[in-house]
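The primary structure of each chain is shown beneath.
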Amino acid sequence: MSHALIVSKFGGTSMGDLTSMQRSALISAERKSTVVVVSATSGTTDKLIEIAKSASQGRMDDCEKLVFSVKERHLGLAGQAGGQEQTVAMLQSYFTELDLLVQNISLLKELTPRAYDHILSLGERMSSLIFRDVLQAALPNKKVTLLDARTVIKTDSNFGKATPQIDVIEREAMARMNLSGDQVYVTQGFIGGDSEGNTTILGRGGSDYSAALFAEGISANVLEIWTDVAGVATTDPRLCPTARIIPELSYSEAGEMAQYGAKILHPATIAPAVRKNIPVFVGSSFEKDLPGTWIRTSVDHRPAVRAITKRNAQALLTITTPSMYNAYGFMSGLFEVFGRHRVSVDCVTTSEISVAVTVDNATLENEKFIRDLETVGNINIEAGYSLISLIGNELTLKPSLAKTIFSTIDAVNIRMMSLGASSYNFNFLVKEEDSKSVIQKLHKTLIEEV
Ligand SMILES: Nc1ncnc2c1ncn2[C@@H]1O[C@H](COP(=O)(O)OP(=O)(O)O)[C@@H](O)[C@H]1O
Ligand SMILES: N[C@@H](CC(=O)OP(=O)(O)O)C(=O)O
């Protein structure tokens, strides 16, 4: 194959209106992307979630208003994009699907995980349908094909956050796609299909992950993530205006950043790229000529502190057992409960009789999980925290790091901290209301003034 295989992903803001779609189409055309993975138009996934919830709670007025606004926006976009008969007919069939789902959910007053995933899939299915026309207009001499991601991104049936089946995806991608360069595919991020034909989703923000899975499936030469910021920055530019774009990042650094809250990348995005050694580019579809960020195996510049990230809405669970002293099996019993409920743990500390772990606040809504934990020990729950992470290189070898952190934010109570398991990160828990100023102060001391 003589041409480079490029998979390009455009997020919700890059699909936000016709101008953004045209800008994204121009980028795909210039880069000669073979696969273009798109997210739902900005805000649509949130609206679909609200539609599903309001239908299940019998709030039909709210539900109807939201359904109307979703339909109007997409019909308007399809019209602006040329109003192709086939596109409008297909869009109408998606609206019928939405209406039927709403009717069923409201009739039963029950929102099953299966129905939830199906309703959420409509966002990406609508945007990709319209974007195909926009891209075809930008590429009059090519065949632009709409590919249903559910036929390639095969997953298990864990609705809400399905696990992709890597081997099957690779097989389906190679079987279903013509990679000779004659065809360009537009497909949906975020969604997949299980072996029974059900629609699944990969979890919020999952389109980056989808794009990485497509890139892995076709052994792409480059994976591009186009978003609304000019690359991966030293911290979230919305929190800290002095954040700078990082020109180059290693897979390990980028993976840690994504895992610990840098929303610009879904946490699972890096693993498929690593497996096939695919360089990842992150750039802004609004300022396409800026240099952006390249993520690859190794990089020349490896500063001690590269970036600072934050995960909000964290809860601290402390599980205590008086019998832990000299007892074996407490830890395995405890983590077996986490594993069984598929709850991931970000930060752990232990003492002789207790273990403290951080989890997303949303985990507390899983009553069965909490009940099962209570069989292992007594639980204390504290909510309202943010997990701050310093991401860098050889952090375990920096004797002055802890002193600098503590003296920079000396008025703030650090509730828990973790250093040592990875040389790439140092994380600690602070109250959510302190988190923004903590990030700004640490960014100044550990990044701007270094
Ligand atoms: N370290 C970071 N660098 C850049 N952006 C970040 C970082 N951390 C968080 N973000 C946020 O990520 C956002 C982009 O992610 P997202 O909203 O999911 O975009 P998209 O809809 O294009 O997928 C940016 O607007 C920015 O506020
Ligand atoms: N639309 C989905 C998937 C996604 O990744 O969107 P975005 O690329 O806009 O973050 C969501 O909002 O979760």
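Named according to an unreviewed UniProt entry, the protein is Aspartokinase originating from Peredibacter starrii. Per UniProt, the protein carries the Catalytic activity (unreviewed entry) text "L-aspartate + ATP = 4-phospho-L-aspartate + ADP". Under the UniProt heading Sequence similarities (unreviewed entry), the entry covering the protein gives this text: "Belongs to the aspartokinase family."

S.K.: What should I look at first to understand the pairing of strand β16 (residues 425–431) in this one?
M.R.: Walk down a regular strand and you will see the side chains alternate between the two sheet faces. Along β16, six of the seven residues are buried, which leaves the element largely enclosed by surrounding structure. In this sheet, β16 lies alongside strand β15 (residues 416–419) in antiparallel orientation, the contact comprising four bridges. Directly across from S418, in β16, lies its bridge partner N427. Connecting β15 to the next strand, β16, in antiparallel fashion are five residues, including G420 with a positive phi near 125°.

S.K.: Looking at this structure, I do not really get the environment of R340. What am I missing?
M.R.: Secondary-structure assignment places R340 in helix α10 (residues 330–340). Between the C-alpha atoms of R340 and F369, which are 29 residues apart in sequence, the distance is 8.8 Å.

S.K.: For this particular structure, what's the right way to read the sheet that holds strand β7 (residues 222–227)?
M.R.: What links the strands of a sheet is backbone hydrogen bonding, and the strands pair in either a parallel or an antiparallel sense. In space, the eight strands of this open sheet follow the order β3-β4-β2-β1-β7-β9-β10-β8, with mixed pairing throughout. The sheet is open, and its two edges are formed by β3 (143–147) and β8 (248–250), each paired on a single side. When the angles between neighbouring strand axes are averaged without regard to direction, this sheet yields 20°. In the sheet, strand β1 (residues 6–10) pairs with β7 via five bridges, with the strands oriented parallel. From the neighbouring strand, S8 faces β7, where its bridge partner is E224. Relative to strand β4 (residues 183–188), helix α5 (residues 113–138) is tilted by about 155°, and along the sheet it contacts β2 (35–38), β3 and β4.

S.K.: Any chance you could explain α10 here in plain terms?
M.R.: Since there are 3.6 residues in each turn of an α-helix, residues three or four apart along the chain are aligned in direction. Inspection of α10 places F330, L334, V337 and F338 among the buried residues, and these make up the whole buried set. Looking down the long axis of α10, one finds its buried residues gathered within 100° of arc, a one-sided arrangement. Next to the buried residues of α10 lie β11 (305–320), β13 (354–360) and α11 (367–374). Phi turns positive, to about 55°, at R342, one or two residues after α10.

S.K.: Would you mind going over the sheet that holds β11 with me for this structure?
M.R.: Strands sit in the order β12-β13-β11-β14-β16-β15 across an open sheet of six strands; the sheet is antiparallel. In the strand order of this sheet, the two ends are held by β12 (348–350) and β15, each with one partner. On average, each strand axis in the sheet is inclined to that of its neighbour by 30°, with strand direction left out of account.

S.K.: Could you clarify how one ought to interpret the packing of aromatic side chains in this entry?
M.R.: The geometry of an aromatic ring pair comes down to the distance between the two centres and the angle between the two planes. Following the criterion strictly, the structure yields seven aromatic pairs and no others. Between the aromatic rings of F10 and W226, the centroid separation amounts to 6.3 Å while the plane-to-plane angle is 10°, which identifies the pairing as stacked. Of the two residues, F10 sits in strand β1 while W226 sits in strand β7, which places them 216 residues apart along the sequence. Take F10 and W226: they sit in the same class, and that class is buried. Ring-pair connections join several aromatic residues into one group, and the members of that group are F10, F131, W226, F281 and W294. Of note, R125 hangs over the ring of Y94, and the distance from its end group to the ring centre comes to 4.8 Å.

So, how was this worked out
Residues numbered from 1 in each chain as written. Chains lettered and ligands numbered in written order. Predicted model: local features only at pLDDT ≥ 70, side-chain atom pairs only at ≥ 80, totals over all residues. Heavy atoms only, no water. UniProt positions renumbered as here; feature names shortened; annotations may be inferred. Buried < 20%, exposed > 50% of the residue type's maximum accessible area, 1.4 Å probe, protein only. Helix = DSSP H or I, 4+ residues; strand = E, 2+ residues; numbered from the N terminus. Pairing = 2+ DSSP bridges. Axes fitted to C-alpha atoms, helices over the stretch in contact; angles between N-to-C directions. Contact = heavy atoms within 4.5 Å. Arc of directions from axis to C-beta. Phe/Tyr/Trp six-rings, centres within 6.5 Å; stacked < 30°, edge-to-face > 60°. Lys NZ or Arg CZ within 6 Å of the ring centre and 35° of its normal.

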